[in-house]
Every structure is written in C-alpha cells, then in structure tokens.
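Chains, contacts and geometry: an overview
The residues making up each chain are set out below.
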Amino acid sequence: MTAAIELEGITLRYSERRVIDGLSLTVAPGEVLALLGPSGSGKTSVLRIILGFATPQTGTVRLSGEVASQAGRLVVLPEERGLAVVFQDLALWPHLSVAGNLAFGLKSRGATPREREARIQSTLGRVGLAGKERSHPGQLSGGERQRVAIARALVRDPRAVLLDEPLSNLDVGLKRELLSVFRDLLKERRTTALYVTHDLREAAALGDRIAVMEQGRIVQEGTLESLRANPSSGFVRTLLDDFASAS
Amino acid sequence: MAEAVGRSLRRALLRREQMLVLAAAGAIVLLASALPLARLLTEIPAAGAAALGVLSTLRPWLLLIRSLVLAAAVTGCAVAIGVPLGLLIARTDLPARRALWMLHAFPMFLPPFLLALGWFQFLGREGFLGSQATARLLFSEVGLVVVLALAFSPVVTSMIALALLGMDASFEEAARVTARPWRVATRILLPAARPALALAAIVVFALSVSELGVPMFFRVDVFPAAVFARLGGIQYAPGEAFALVVPLIPIALGLLFLERRLVGAGSFAVAGLRGMSRAPIPLSGWRAALAAASWSVAFAGALPLAALALRAARGGGFGKLPQWIGQAPWTSLGTAVVAATVIAAVGLVLGHGAARRLRGALTLDALAVLAFVTPASVLGVGLIAVWNRPATSALYASVAILVIGYIARYAVVGIRAVASVVLQSAVHLEEAAAAAGARFWRRLVRIILPVNLRGIAAAWLLAVVFCLRDFETAVLYYPPGREPLPVRIFTLEANGPPPVVAALAVAQVLMTALVLAAGVLLVPRRRPE
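About the criteria used
- Residues numbered from 1 in each chain as written.
- Chains lettered and ligands numbered in written order.
- Predicted model: local features only at pLDDT ≥ 70, side-chain atom pairs only at ≥ 80, totals over all residues.
- Helix = DSSP H or I, 4+ residues; strand = E, 2+ residues; numbered from the N terminus.
- Rg over C-alpha atoms; globule rule 2.2 N^0.38 Å.
- Buried ≥ 20, exposed ≤ 12 C-beta atoms within 10 Å, placed from the backbone.
- Contact = placed C-beta atoms within 7 Å.
- Pairing = 2+ DSSP bridges.
- Domains from an automatic or database assignment.
- Nonpolar A, V, L, I, M, F, W, Y, C, P; charged D, E, K, R; others polar.
- Axes fitted to C-alpha atoms, helices over the stretch in contact; angles between N-to-C directions.
- Parallel < 35°, antiparallel > 145°, perpendicular 65-115°, else oblique.
- pLDDT = per-residue confidence, 0-100.
- Core = buried A, V, L, I, M, F, W, Y, C linked by C-beta atoms within 7 Å.
- Expected span 1.5 Å × (residues − 1).
- Right-handed = clockwise from strand over helix to strand, strands pointing away.
- Left-handed = near helix turned anticlockwise from the far one by under 90°.

Turning next to the overall build of chain B. Each helix and strand counted, chain B has 27 helices and 0 strands in total. For a compact globule of 529 residues, the expected C-alpha radius of gyration is about 24 Å, and chain B comes in at 24 Å, within 12% of that figure. Each of the three principal axes of chain B carries a C-alpha extent, and together these read 80 × 70 × 50 Å. Counting the 529 residues in chain B, one finds 50% classified as buried.

This part is about the overall build of chain A. Within chain A, the secondary structure is distributed over 8 helices and 11 strands. In terms of overall dimensions, chain A is globule-like: its C-alpha atoms have a radius of gyration of 18 Å, near the 18 Å expected for 247 residues. Across its three principal axes, chain A shows a C-alpha extent of roughly 50 × 45 × 35 Å. Looking at chain A as a whole, 43% of its 247 residues qualify as buried. Taking the intrachain contacts of chain A between residues at least 6 apart in sequence as the baseline, contacts between residues at least 24 apart amount to 65%.

Turning next to unusual backbone geometry. Residue and element names in this part refer to chain A. The backbone phi angle of Ala71 is positive, close to 35°, even though this residue is not glycine. Relative to the helices and strands, Ala71 is located in the loop between strand E5 (66-70) and strand E6 (73-74). Even without being glycine, Gln215 reaches a positive phi, approximately 45°. Counting through the fold element by element, Gln215 comes out in the loop between strand E10 (209-214) and strand E11 (217-222). Overall, the presence of 15 C-beta atoms within 10 Å leaves Gln215 in the partly exposed class.

Attention now moves to the sheet that holds strand E1 (residues 5-14) of chain A. Residues and elements named next belong to chain A. Read from one edge of the open sheet, 5 strands run E2-E1-E4-E5-E6, paired in antiparallel fashion. Bordering the open sheet on either side are strand E2 (17-27) and E6, each of which pairs with just one other strand. In the sheet, E1 pairs with strand E4 (residues 58-63) via 5 bridges, with the strands oriented antiparallel. Across the sheet, Glu6 pairs through a bridge with Arg62, a residue of E4.

The next subject is the domain arrangement of chain B. Residues and elements named next belong to chain B. Each assigned domain of chain B is listed with its residue range as follows: domain 1 (16-46 + 322-529) and domain 2 (48-272 + 288-314). Inter-centroid distance (C-alpha atoms) of domain 1 to domain 2 is 21 Å. Taken together, the contacts link 40 residues of domain 1 with 43 residues of domain 2. Secondary structure elements with two or more residues in the side of domain 1 that touches domain 2: helix H2 (17-46), helix H18 (328-355), helix H19 (361-373), helix H20 (376-387), helix H22 (400-424), helix H25 (453-469), helix H26 (485-493) and helix H27 (498-522). Per-element accounting of the side of domain 1 that touches domain 2 gives the leading share, 10 residues, to H27. Residue composition of the side of domain 1 that touches domain 2, by class: 29 nonpolar, 6 polar and 5 charged.

This brings us to the interface of chain A and chain B. Facing 20 residues of chain A, the contacting portion of chain B comprises 21 residues. In the side of chain A that touches chain B, the residues fall into 12 nonpolar, 4 polar and 4 charged.

Turning next to the packing of helix H11 (residues 194-210) of chain B against helix H15 (residues 248-263) of chain B. Residue and element names in this part refer to chain B. Viewed as axis vectors pointing N to C, H11 and H15 meet at an angle of 170°, and their least axial separation amounts to 9 Å. The angle between H11 and H15 places the two elements in the roughly antiparallel class. Judged by residue contacts, Pro195, Ala198, Leu199, Ile202, Phe205, Ala206 and Val209 of H11 engage Ile251, Leu255, Leu258, Glu259, Leu262 and Val263 from H15.

A few words now on the pairing of strand E7 (residues 83-86) of chain A. All names here are of chain A. Alternating positions in E7 separate into two faces, Leu83 and Val85 on one and Ala84 and Val86 on the other, with burial throughout. Relative to strand E8 (residues 160-164), E7 runs parallel, the two being bridged by 4 bridges. Residue Leu83 lies in a different strand from E8, and its bridge partner there is Ala160.

This part covers the confidence of the model for chain A. Of all residues in chain A, 99% attain a pLDDT of 70 or more, and the chain-wide mean is 91. Mean pLDDT values for the elements of chain A range from 80 in helix H8 (residues 234-246) of chain A up to 96 in E4 of chain A.

So, on to the nonpolar core. By size, the foremost hydrophobic cluster in this structure holds 177 residues, and its most contacted members are Ile160, Ala200, Val204, Ile407, Ala411 and Ala463 of chain B. If we skip the residues at most four places from it in the chain, Ala463 of chain B touches Ala340, Ile343, Ala344, Tyr410, Val413 and Gly414 of chain B. By size, the runner-up hydrophobic cluster in this structure holds 80 residues, among which are Ile5, Leu7 and Leu51 of chain A together with Ala435 of chain B.

It is worth spelling out the sheet that holds E8 of chain A at this point. Residues and elements named next belong to chain A. Strands sit in the order E7-E8-E9-E3-E10-E11 across an open sheet of 6 strands; the sheet is mixed. With one partner strand each, in any of the chains shown, E7 and E11 form the two edges of the open sheet. Sheet twist, expressed as the average angle between the axes of neighbouring strands with direction ignored, equals 20°. In terms of strand pairing, strand E3 (residues 32-36) meets E10 through 4 bridges, oriented parallel. Looking across to E10, one finds that Leu33 is bridged to Arg209.

Here H15 of chain B is 16 residues long and its end C-alpha atoms lie 22 Å apart, about the 22 Å a rise of 1.5 Å per residue gives. Residues of H15 of chain B that are buried make contact with H11, H19 and H20 of chain B.

Residues and elements named next belong to chain B. On average, chain B scores 88 in pLDDT, and the residues at 70 or more come to 95%. Averaged pLDDT values for the elements of chain B fall to 71 in helix H3 (residues 49-52) and rise to 96 in H18. Under the prediction, the complex receives an ipTM of 0.86, its pTM being 0.86.

Taking 1.5 Å of rise per residue, the 17 residues of H25 of chain B would be expected to cover 24 Å, and the 24 Å separating its terminal C-alpha atoms lies within 8% of that figure. Buried residues dominate H25 of chain B, accounting for 14 of its 17 residues.

Turning our attention to the pairing of strand E9 (residues 193-197) of chain A. Residues and elements named next belong to chain A. Counting buried positions along E9 gives 5 out of 5 residues, so the element sits mostly inside the fold. Alternating residues of E9 divide into Ala193, Tyr195 and Thr197 and Leu194 and Val196, and every residue in both groups is buried. One ladder, built from 5 bridges, connects E3 with E9; its direction is parallel. Across the sheet, Ala34 pairs through a bridge with Tyr195, a residue of E9. Handedness of the crossover joining E8 and E9 through helix H5 (residues 172-189) is recorded here as right-handed.

All names here are of chain B. Note on placement: Gly414 falls in helix H22. Judged by the 32 C-beta atoms lying within 10 Å of it, Gly414 falls in the buried class. Distance in space between the C-alpha atoms of Gly414 and Ala457 is 9.9 Å, their sequence separation being 43 residues. Residues contacting Gly414, with those up to four places away along its chain left out, are Ile343, Ala344, Val346, Gly347, Gly351, Ala459 and Ala463.

All names here are of chain B. The contact between helix H5 (residues 97-105) and helix H16 (residues 287-314) brings their axes to 8 Å, and the two run at 35°. In this structure, H5 crosses over H16, and the sense of that crossing is left-handed. Of the residues in H16, those touching H5 at Leu100, Leu103 and His104 are Ser294, Trp295, Val297, Ala298, Gly301 and Ala302. Looking at the contact of H5 with H16 residue by residue, the classes come out as 6 nonpolar, 3 polar and no charged.

Quick look at the structure:
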C-alpha cells in the first residue's frame with residue numbers, strides 16, 4: 001500500500017547546523033504517528049518539511065506516492081499539498097469568525113456555499129461547538145479555541161493532519177479531555193495524522209505508532225510496548241521511567 | 001491543444017503568483033525611485049564639459065562641506081534632545097507623557113520652513129519679541145541649526161520611544177532586580193535601542209542635507225539651493241544642475257551603507273505601545289525639573305505655530321485666505337492621498353516580503369531606502385530627467401508627477417511601517433492559510449491585510465502626512481498652476497502680504513492636524529487577542 005506520507009533520506013541544514021540528518025519515515029493511510037522528541041531534536045522541522053515551508057537539501061518527500069519535495073526543490077507548493085495543520089499557537093485568524101475560519105479552506109477547495117454550510121455545521125457539532133459559528137477566536141475559552149483549530153483542520157477532509165504540540169500549554173484536565181476528542185475524531189474519520197510532541201503520555205494516547213527523534217534522526221520506531229521491551233537510548237529510558245511513575 | 005497550453009500557462013502563473021505580485025510592487029518602486037537615479041547616471045555625461053566644469057571651481061565644494069557640517073550639527077543636536085526625551089516619554093513616570101509626546105512630535109509633520117517662518121514672526125526684526133540682534137542670530141547658521149534641530153528632534157524622540165516601548169519587558173525587569181533605574185536606562189534600555197537611534201540619526205542627517213526651505217528663508221547658502229537655483233531663476237542652467245548632483249550621489253550611497261551596517265535587520269524592529277502600560281521607572285526628586293525641561297522643549301517646537309496664528313489674526317490674514325489659497329490644499333490632499341494609497345499597497349507587498357525575508361524584497365527595500373536618503377535635489381533632478389520629455393509631457397505637466405515624486409521618495413515609509421507590523425503577527429497565521437489551500441494573493445487579501453490592518457492604516461496615514469509636508473522634492477518640478485500648499489506658501493513668502501502667508505501656513509498646520517486626527521479616529525481599534 002502506498003504510504004500517505006513518506007520521507008526518505010531527508011537532510012536539512014541551517015547555515016552549518018544540521019537540523020535533520022538523513023531521516024526516513026513513513027505514515028500509512030489512516031495511521032496516527034506520534035513523533036516524540038526533546039526540544040531541539042528537529043520534530044517541528046520535519047513537520048515544516050512535510051508542509052512545504054522548509055525544503056530539505058537532500059532526500060525526497062512523497063505524499064500518497066507523489067513527489068512533493070526533492071533535494072532542494074519544492075515540487076508541490078504548500079497550498080497544493082492537501083494537508084492541514086494545527087500549530088502550537090493554533091494560529092486561528094482573529095479577524096474571522098469561527099465559521100469564517102472553517103470556511104476559508106473550504107473556499108480554497110472550491111466548495112459551494114451549501115456544501116460549506118453543511119460541513120461547517122456538522123464539524124462544529126462534532127467538536128461540541130454548535131452555536132459558536134459567529135463567535136470570534138478572542139471570545140472563546142482556551143479549550144474552545146483548541147476545538148476550533150482541530151475542526152478547521154478536519155473540515156476539509158485533508159490528505160493528512162499535522163499537529164505541532166497543540167496541547168502543550170494546557171492544564172492536565174483540559175489536555176486529557178482534548179486528547180480524547182482528538183483521538184475519537186481522527187479514528188472515526190480514519191484521518192492520517194502526524195502528532196508532534198515531547199510528552200510520551202500524549203504520544204501513547206494518540207499514536208498507533210511512536211517514532212522517537214533525537215538530534216535530527218529517528219532513533220526508535222514502534223508501538224509503546226515495543227519501546228518498553230527494548231528502549232534504544234537513555235532518552236527513551238528516561239521517558240519510559242517518567243511515564244511509568246506518572247501512570 | 002490550445003486549451004492544454006492555456007491550462008499549463010495558467011498553472012505556471014498560479015505557481016508563481018507570489019513572485020508576480022512581488023514583481024508588480026517592485027516595478028512601481030523601480031519606475032518611481034530607481035529609474036530617476038539610474039537616469040541621472042546617463043544624463044550627467046551628456047550635460048557636457050562646460051556644465052561639468054562647474055565642479056572644477058571651489059565654490060560648490062565649499063558649499064557641500066558647509067551643508068554636511070550643518071547637517072551633522074543638526075543631527076547632533078536632534079540626538080541630544082531626542083534620546084533623553086524618548087527615554088523619559090517611554091519609560092518614566094513623567095506627568096502627561098502622551099500629551100507631551102503629541103505636542104513635541106507634531107512639528108515633525110510640517111514642512112520645516114513653516115517653523116522658520118514662525119520663528120521669524122517671533123524673533124525677526126519686526127517680530128513680537130524681535131530686535132536687530134535676534135534677527136541677526138536667526139538669519140545665521142546658528143538659527144538654521146536650532147530651528148532644524150527642533151523640527152527633526154521628534155524623529156529621534158519617537159524612534160527611541162517606540163523602540164523602548166516595543167522591547168520585551170523581561171529585559172528591563174531582569175535588570176531592575178539588580179540595578180538602579182539610571183543604570184538600567186543607560187546600560188540596558190538605550191544600548192538595546194541602538195538600531196533605532198542609528199536609523200533616527202541617518203534619517204535626520206538625510207532630511208537635513210536635503211533641506212531647502214529653511215536655508216533659503218534664512219539666506220544661508222547650502223548645496224541644495226545651488227542645484228535649485230540652476231533649475232529656475234536667474235542662474236538657470238539645467239546642465240549644471242545635473243553636474244552638481246554628482247557629489248551628492250556618494251553621500252546617498254554612504255548613508256545607505258551606514259543604514260545596512262548599523263541598523264540591518266533592526267530596521268524592522270518590532271515597535272508598539274505595549275510598554276506604556278508597564279510600571280514606569282520612578283523619577284523621584286527629579287520629576288518636576290525633568291518635566292519642566294521636557295515641556296519647555298515641546299513648547300519651543302510648537303511656539304512658532306502660535307506666532308504664525310497670531311500674525312495671521314492680527315493682520316487680517318485669515319479673511320484674505322480665500323483669495324490667495326487657490327487650489328493648493330486640494331492639490332496637496334489629492335496627490336498625498338493617491339500617493340499614500342499606492343505607497344501602502346506597495347508597502348503591504350514589499351514590507352511583508354522584507355519582514356518574511358523573501359527573495360528580492362530586501363533588495364527593493366534597500367532601493368527605497370536609497371531614494372529616501374538621497375538628497376531630495378538629486379531625486380528631483382532625476383525625476384525631471386525621466387519624465388520631462390515629449391513622450392511623457394502630458395504626465396509631467398499634470399499632478400501625476402507630484403504623485404510619482406511622492407512615491408519615489410516615501411515608498412520606504414510604507415515598506416518599513418508594514419514590515420514592522422507584519423513582524424508582530426505570527427507567521428503561523430499565514431502558514432495555516434497556505435496549508436488550507438490559499439494561494440499568495442488570497443492570503444495577502446484575506447489574512448495578511450486584515451490581520452495587520454491597524455498597522456497598514458497607520459502606514460498609510462504616515463505616508464499621507466509625509467507627502468503633505470514635502471516641499472524640497474515637489475518644488476523642483478511642480479506643474480504650473482497646480483502647486484501643493486507648501487510650495488505655494490514658499491513662493492508667496494518672498495513678496496506676499498505677511499499676514500496672508502502666515503494664514504496659509506496656519507492652513508497647512510490645520511490640514512495636517514485634521515488629517516492626523518481623522519486618521520487616528522479611523523484607524524481600526526485593536527482586536528482582542
């Protein structure tokens with residue numbers, strides 16, 4: 001089966017600093033891959049390469065088998081990749097209402113007004129924000145904004161959703177609640193997703209598989225059980241110890 | 001077949017949408033700013049040996065040295081006034097800081113020769129407080145430096161204040177835990193505002209070198225006046241005017257080099273007013289004395305405006321205004337609004353591009369800076385060389401030439417102001433739109449413009465005011481019978497009735513104040529985050 005996202009031999013340098021070092025990675029259709037690593041390990045750079053906001057010096061990015069970036073060349077522009085993103089700061093457009101935020105991507109795709117309306121209503125209903133269509137991001141609570149961000153990402157039925165530590169600034173209770181919302185939404189829609197995090201609990205709660213990154217490389221890849229069975233580095237062991245004590 | 005070619009052409013154009021939009025905005029800057037400068041380089045050799053011979057005499061070089069020395073003196077005085085005042089306004093508990101800032105800054109938005117005219121009403125031989133001695137002082141290099149320093153010091157004050165207000169509060173708070181306020185101000189705040197200070201000094205020096213109205217009014221011989229004299233009047237010799245701009249070109253390039261070297265990326269410094277709500281540094285026992293000194297400087301800047309109003313009122317100037325003012329205010333306003341709209345549009349594209357470090361945008365920004373720091377007489381002569389020819393005579397003889405000239409000189413205002421506000425908005429807002437499938441034009445119109453609307457509106461307002469105050473560029477090529485108000489005031493000043501000239505000056509002041517007030521009211525309110 002063709003991978004939804006495939007990275008092969010990716011290297012990214014800023015000046016002399018190597019941020020990504022020969023990284024290869026695949027995400028199968030409908031799979032949720034958690035990309036786990038400490039700060040500065042290059043997780044966000046991987047996400048930006050997949051989105052097309054950074055171009056790797058070497059290697060190939062394929063989306064559903066189609067070459068999107070290749071060795072210093074942006075083959076498919078970010079707006080043509082059919083992806084969706086949820087950033088850490090959510091990046092909700094403050095001048096647009098909740099409905100406007102969701103409609104923006106649908107209009108880009110050429111959806112009719114009726115189709116837009118139907119999709120917005122059903123998606124907002126699904127994330128528990130029915131009746132909030134006319135609110136602006138500044139009028140919503142932190143949890144509601146998170147829901148708008150995930151709704152905006154999913155409303156277009158994207159090829160894949162990339163999430164860059166969207167829950168890192170939330171308290172434990174809200175984080176747990178939203179993790180459950182994210183997991184249910186991704187699973188029921190069979191959405192391919194790459195979830196970037198530094199928290200093993202989030203990775204374990206959402207990811208079908210976990211890929212551990214250190215210093216620009218994938219050092220271990222597999223399920224939580226396989227990581228437990230054979231931790232490949234001190235970093236992974238520390239994460240597992242923390243996870244065990246928190247559990 | 002044709003359909004397939006059309007489809008692939010459309011696709012190719014869409015893929016290059018961002019580049020095409022940048023190219024369109026760049027073309028405006030190139031046409032308005034770069035073409036006149038490039039044209040000069042080809043016109044100068046064509047001016048002929050006789051014209052170029054003017055540079056073999058000592059007089060132009062002495063004039064040039066005098067202009068540079070005077071500009072340096074003005075810059076030094078403006079920095080000496082502006083730095084402490086900027087610090088006091090931005091970061092201390094000085095009483096009524098905002099009102100002080102507004103009063104001090106307002107003269108910056110007026111043609112400086114209006115202030116000279118006002119000082120003349122006060123200290124001229126027949127002025128309200130005048131005598132032979134005060135008149136002699138005023139009509140000298142000292143008078144010139146003081147008047148220009150008071151006119152331009154708000155540039156330094158405002159840039160320093162904005163830089164300090166935009167600074168991360170934690171810099172200051174971390175220092176205040178361990179040091180006294182004076183040490184925090186001198187060792188942390190002011191050094192951190194160094195790029196803003198360098199930029200302010202360069203701007204003041206460039207404005208001072210360009211200044212034509214004040215030296216001519218005070219009968220102080222300076223270099224731009226020599227160029228101006230050869231474009232009209234008894235010394236008419238356009239070839240020599242081309243020759244005389246030659247020494248000014250390396251000065252402009254030198255200023256551009258300094259701007260790139262000393263300011264660099266700091267020129268897009270994030271500025272804002274967030275710091276106004278931060279706990280100010282207490283002045284304690286110095287508060288009253290520093291308040292008195294600061295307000296004295298602000299009143300000294302505004303005093304000539306009161307003198308103009310008084311002269312106009314006493315002499316019945318306001319009553320005669322309708323007979324003398326003609327179309328000038330409408331020409332000023334119309335051309336300023338059109339030019340500022342183009343400047344804001346160009347600024348939106350290139351300012352965004354410069355803030356996001358897009359290829360080409362930084363080069364175009366440098367060109368716009370060059371056009372601004374180039375002495376106005378050089379740019380003016382270049383504009384004449386480009387547009388005063390049979391093929392473009394209709395355009396040259398209309399107000400369109402004023403619009404082109406304003407865009408040429410003040411495009412940088414839009415680019416820098418927009419770059420500064422774009423840097424304050426998260427790049428993720430644009431990236432989320434791109435990931436949602438929006439191409440560049442849609443992102444520009446639906447995301448970048450509305451998210452930064454407040455700052456872009458402020459850039460437009462600033463550009464309008466800069467165009468309204470322009471005198472030294474427009475005076476070289478204004479179309480007959482369609483002069484902007486500053487030019488009309490200056491031309492009438494020599495032989496018009498003084499109360500009427502004073503009333504015209506007050507009209508310019510009121511027009512600027514109304515535009516600023518309307519702009520402040522119309523600039524959209526900040527949206528809750």
